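Next come the chains, spelled out residue by residue.
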Amino acid sequence: MNDRSTSRPPEHSQSRNDSSSATATRSGRRRNRMRFGLLELLLITTVVAAWLPVILARRQISELESEIETMRFATTQLIVVDEAKLNVRSLPSIWSNISSWKYNAPADADLELRLATETINSVSAPSQYLAAALPEGEHSIHLKCTSDSDGYHSLVYLDDELILEEHHPKSWIESQGSSSTGEASNRSTAYPLNKPLKLKVQRLSAKHPLKKYNSIELSNEYDSKGNYLWISPASMVPHPPPVFLVSNDKYSHDGLGLRQGIKVFRSQQTGLIGLIGVLPSLDSTLGDNRHWYPHCPFGVSVRPVLQSLSRLNIPEEGGPRSAGIPISLRDTLDPPTKNDGIGALEKITQASIDESGSQMRIFAHYQPFESGAQPIVEIRFDAAHPNRIGFLPHTAPNSAPMKACQFVTRFNARFLWREIEIANDKSDSVLSGDSLKEPDNATNDRVRQPLASLYPNVDFTAPLNPTTGNIAPFEWRKIVTSRLPTTTRVDGDAKMTQLTLKTDVVNATTLNYPAGLDPKWKYEGIPNRQTWLLPRASATDEPEITAEIRGGAVFPIVQLPIPGGPVIQNVRITVPMPAKNPVWLEIAPEPLSDSK
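The present account deals with the structure reproduced in this document. (Residues numbered from 1 in each chain as written. Predicted model: local features only at pLDDT ≥ 70, side-chain atom pairs only at ≥ 80, totals over all residues. Heavy atoms only, no water.)

## A look at the overall build of the chain
Consideration 1: Counting secondary structure elements, the chain contains 2 helices and 30 strands.
Consideration 2: For the chain, with 596 residues in total, the buried portion stands at 44%.
Consideration 3: If you take every contact in the chain between residues at least 6 apart in sequence, the share linking residues at least 24 apart comes to 67%. (Helix = DSSP H or I, 4+ residues; strand = E, 2+ residues; numbered from the N terminus. Buried < 20%, exposed > 50% of the residue type's maximum accessible area, 1.4 Å probe, protein only. Contact = heavy atoms within 4.5 Å.)

## Quick look at the packing of aromatic side chains
Note on aromatic pairs: each is described by the distance of the centres and the angle between the planes.
Consideration 1: Across all of its chains, the model carries 15 aromatic pairs by this definition.
Consideration 2: Considering the side-chain rings of Phe298 and Phe415, the 6.5 Å spacing of their centres and the 55 degrees angle between planes classify their relative orientation as tilted. Separated by 117 residues along the polypeptide, Phe298 in strand β16 (residues 298-305) and Phe415 in the loop between β21 (404-410) and β22 (417-423) bring together distant segments of the chain.
Consideration 3: Pairwise contacts between aromatic rings join Phe298, Phe415, Trp417 and Tyr523 into one cluster.
Consideration 4: The ring of Tyr152 is capped by Lys170, whose NZ or CZ atom sits 5.3 Å from the centre of that ring.
Consideration 5: A cation sits over an aromatic face here: Arg414 above Phe415, 5.2 Å from the ring centre. (Phe/Tyr/Trp six-rings, centres within 6.5 Å; stacked < 30°, edge-to-face > 60°. Lys NZ or Arg CZ within 6 Å of the ring centre and 35° of its normal.)

## Quick notes on the nonpolar core
Consideration 1: One finds Ile276, Ile379, Phe381, Phe391, Phe407 and Trp532 to be the most contacted residues of the largest nonpolar core, which totals 76 residues.
Consideration 2: When residues in this core are grouped by element, the largest group, 5 residues, is from strand β29 (residues 567-576).
Consideration 3: One finds Leu86, Leu111, Ala132 and Val156 within the second-largest nonpolar core, a separate group that totals 23 residues. (Core = buried A, V, L, I, M, F, W, Y, C linked by side-chain atoms within 4.5 Å.)

## Looking at the pattern of salt bridges
It is possible for side chains of opposite charge to pair when their charged atoms get near one another.
Consideration 1: Under the definition given, this model contains 16 salt bridges.
Consideration 2: The salt bridge involving Arg414 is made with Asp288; its shortest N-O contact spans 3.1 Å. Of this pair, Arg414 sits in the loop between β21 and β22 while Asp288 sits in the loop between β15 (275-279) and β16; the two residues are 126 residues apart in sequence, bridging distant segments of the chain.
Consideration 3: Arg414 sits in the buried class, given a relative accessible area of 1%.
Consideration 4: For the salt bridge of Arg388 with Glu586, the shortest nitrogen-to-oxygen distance reads 2.9 Å. In this pair, Arg388 sits in strand β20 (residues 388-395) while Glu586 sits in strand β30 (residues 583-589), placing the two residues 198 residues apart along the sequence.
Consideration 5: On the accessibility criterion, Arg388 (13% relative accessible area) is buried.
Consideration 6: Overall, Glu586 belongs to the buried group, its relative accessible area being 12%. (Salt bridge = Lys/Arg side-chain N within 4 Å of Asp/Glu carboxyl O.)

Note that all results are geometric; they support no functional claim without further evidence.
Given below as structure tokens:
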């Protein structure tokens, strides 16, 4: 009994001790909590209220700056960025035919404002222009371009004063639009005083000769009409635009040769490797669509002929290391010391142009063919004949002996050439062993011989249903050169044989091309002709240059029928080696009245 009664009190005592300890712990925690008085709370609120707008404003500074610049564009304010330079900005347009700028020129800047309306190109500034001195300080420039029943008018104002004006009659150009560029920014910008600044370069687009609502697109290097307004140092005299174009571009897809005439280029695109790409002048293909790239409307395949080799090597159909035999275009006959595998284009310099400035020569160097042949083709340009290009084959030092060199044209089908121009002589036929019927289009000295007369066993009037049996090109036909007309040689008085191919299509834009045809085969330009000028043998024992043609009923590669029937697919010119004089290729426009 006594033992049980004495054991309970310690339990109650331990419980009280635990309760007291817990209470003390909670009191300690309450004492350790952070306490704020009213004054501290007011101070914290003040700090947050003071800095929060700053933080939010900093986040919006970039947006506000952008909005300020946007609003500044809508004003006429000019900020002088550098007082020692020409400060210019373009102003918002107040009317569709009025362009405005504001400038600030330092004292003694000696600047001129110049205006030209012709010979506008991307190569050089116009050499014929009107000019007015630009005064120092801040002024406004306005260019107003209008057209009415009297013609085209270009007016230039300095502030409110008319200082330059050009007027042209309505017959100056039949325009259906324009394109404009300029170098002056819509932000205030400082420009050097010793360099010209283009304010506006406007190129008018002439009406398409065949399509009612279309215009002609000229390449930038060609001369255009329009408005060219620029600021220039008064002492700077523009040089006349060059006759020939040279290029540092590795592939030179834009071409080398005559600036406003025929050009050549090389390409690394499959199917074009090994070809000498030919860009006819715009005058001979006016209205043609040049949007596809690389633009290769015509090509020439160079094929060496060896004495002991029956099968020809075709450069664009394969080589030992690529899909073709690469070409390197250079301005010297000396072969490159090392081929780089892709035939890179070396710099074509002014050395390719003769002292008179009227002739240009470049050289197409081929890597060795599988047969061991290695031709070098000299390519000539003549300023007097912007639609012509000459080919003179040479043999590289380490080449296998070449019996002849062939030049085979490619992509003829798109130009729809169907007729051959021959001399009006009933004694012989254009083909050996064939009888020649006098065509209805005979003239006093020349006859237009239809392609069908060269293939009497082919029915040209039957609708074509392409099959494996009729999609292949026709057989080659050798032309009797004695039946061809003659003309005077380009560089002398000697006579040359003339092989001319013509079209019977007056307006190719009205043709119904087959569905699915690649646009590069659709020709929409004016009618033109292909002409080869072939030197005659100077001695009786000298082999003659031969000419052959081959017809076809379908577009190559795509194998779709050609509207209107078969056309001339290829021309093959065989030049005996060694060659003395070049053969000349010309693609020239046909007068619309003479194309039929």
